Amino acid sequence: MAGARLGHFVAVTQIDYLSLDSDELDDAPARGRLEVESLMAMLAIGYRFERSRVGAHTDLLIGARQLSLDNTLTLDGLGTVEGDKDFVDPIVMLRPSLPLGRRWRFNPTISFGSGGDSEKTWELQPQFHFQISDNVGLRVGYRRLYYEIDSENGRNKFDGAFQGLIIGIGGTFGASP
């Protein structure tokens, strides 16, 4: 995740790539192979509201999230079927930031989207941030990105989530606020 701020205006973006291949599974089917590649991208802009508690603030943003899926199914003796689909949804995002001590912060991200290509999408991303130095921080958290998607013909449906542990290190540059 990357972000920028100018005064009270903020912008954030996040890009995730995921590649799965059934050949890498312990119990992979012997007569076929499934390959899935997904690219998830988000861009949002908004406003930072300062809170009465020193150092606390909340960002309220609007933007869009895109999910691109590329699938290849190969069945031995039958052939290969490929498919790809892009889903773009408007989102509203809330990002509070609460100081927990001199170097610790709690930064949950919550977003919701509907009215685009999917029925709905939401994300929950609670994180703890430890400020190592003035310009370097460590983040530890969890991310759950959910999608509910129905096809145009009503025969296909995806109701699932991408989720997992987040560990990262980041830095800031430029003038101090």
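The coordinates are above.
Residues numbered from 1 in each chain as written. Predicted model: local features only at pLDDT ≥ 70, side-chain atom pairs only at ≥ 80, totals over all residues. Heavy atoms only, no water.

Asks: Account for the overall build of the protein, with residues named and values stated.
Replies: Along the backbone of the protein there are 0 helices and 11 strands. Ordering the α and β elements of the protein from the N terminus gives β-β-β-β-β-β-β-β-β-β-β. Along the first, second and third principal axes, the C-alpha set of the protein runs to 65 × 35 × 25 Å. With 177 residues in all, the protein has 31% of them scored as buried. (Helix = DSSP H or I, 4+ residues; strand = E, 2+ residues; numbered from the N terminus. Buried < 20%, exposed > 50% of the residue type's maximum accessible area, 1.4 Å probe, protein only.)

Asks: Residues and numbers for the packing of aromatic side chains, please.
Replies: This model, assessed by the stated rule, comprises 5 aromatic pairs. A centroid spacing of 5.0 Å and a plane angle of 50 degrees characterise the contact between W104 and F130, whose relative ring orientation is tilted. Taken together, the residues span a long stretch of sequence, with W104 in strand β6 (residues 104-106) and F130 in strand β9 (residues 127-131) at a distance of 26 residues. On the accessibility criterion, W104 (43% relative accessible area) is partly exposed. With centroids separated by 5.4 Å and ring planes inclined at 25 degrees, the aromatic side chains of W122 and Y146 adopt a geometry described as stacked. Here W122, found in strand β8 (residues 120-125), pairs with Y146, found in strand β10 (residues 136-150); they are 24 residues apart in sequence, far enough to count as distant. Residue Y146 is classed as buried on the basis of its relative accessible area, which comes to 11%. The rings of F9, Y47 and F49 are connected pair by pair, giving a single aromatic cluster. (Phe/Tyr/Trp six-rings, centres within 6.5 Å; stacked < 30°, edge-to-face > 60°.)

Asks: Can you break down a negative patch on the surface residue by residue, with the values?
Replies: A cluster of like negative charges, contributed by E37, D70, E82, D84, D86 and D117, occupies part of the molecular surface. No other element matches strand β5 (residues 79-99), which puts 3 residues into the negative patch. Relative to the helices and strands, D86 resides in strand β5. (Patch = residues over 30% accessible without salt bridge, like charges linked within 9 Å, V, L, I, M, F, W, Y side chains within 5 Å. Areas by Shrake-Rupley, 256 points an atom, 1.4 Å probe, with all protein chains shown as cover. Salt bridge = Lys/Arg side-chain N within 4 Å of Asp/Glu carboxyl O. Lys, Arg positive; Asp, Glu negative; His and termini not counted. Charge placed at Lys NZ, Arg CZ, Asp CG, Glu CD.)

Asks: Which residues make up the side chain of S68, and what are the values?
Replies: Within the secondary structure layout, S68 lies in strand β4 (residues 57-75). At 3.0 Å, the side chain of S68 forms a polar contact with the side chain of Q66. (Polar contact = N/O pair within 3.5 Å; in protein donor to acceptor, adjacent residues only side chain to side chain.)

Asks: Provide a residue-level description of the pairing of β4, including the pertinent values.
Replies: Pairing of strand β3 (residues 32-50) with β4 involves 19 bridges; the strand directions are antiparallel. What sits directly across from A44, in β4, is G63. Adjacent in sequence and paired antiparallel, β3 and β4 are bridged by 6 residues, among which G55 carries a positive phi angle near 85 degrees. (Pairing = 2+ DSSP bridges.)

Asks: Explain the environment of L75 to me, and be specific about the residues and the numbers.
Replies: Assignment of secondary structure puts L75 in strand β4. Judged by relative accessible area, which is 37%, L75 ranks as partly exposed. Here the alpha-carbon distance between L75 and L34, two residues 41 residues apart in the chain, equals 8.8 Å. If we ignore the near neighbours within four places in the chain, the residues touching L75 are R31 and G32. (Contact = heavy atoms within 4.5 Å.)

Asks: Can you tell me about the pairing of β10, naming the residues and giving the values?
Replies: One ladder, built from 5 bridges, connects β8 with β10; its direction is antiparallel. Paired with L124 across the bridge in β10 is R144. Strand direction decides the pairing type here: β9 and β10, joined by 5 bridges, are antiparallel. Of the residues in β10, the one forming a bridge with H129 is R139. From the end of β9 to the start of β10, which pair antiparallel, there are 4 residues. In the sheet, β10 pairs with strand β11 (residues 157-171) via 15 bridges, with the strands oriented antiparallel. Within β11, the position partnered with L145 by the bridge is F162.

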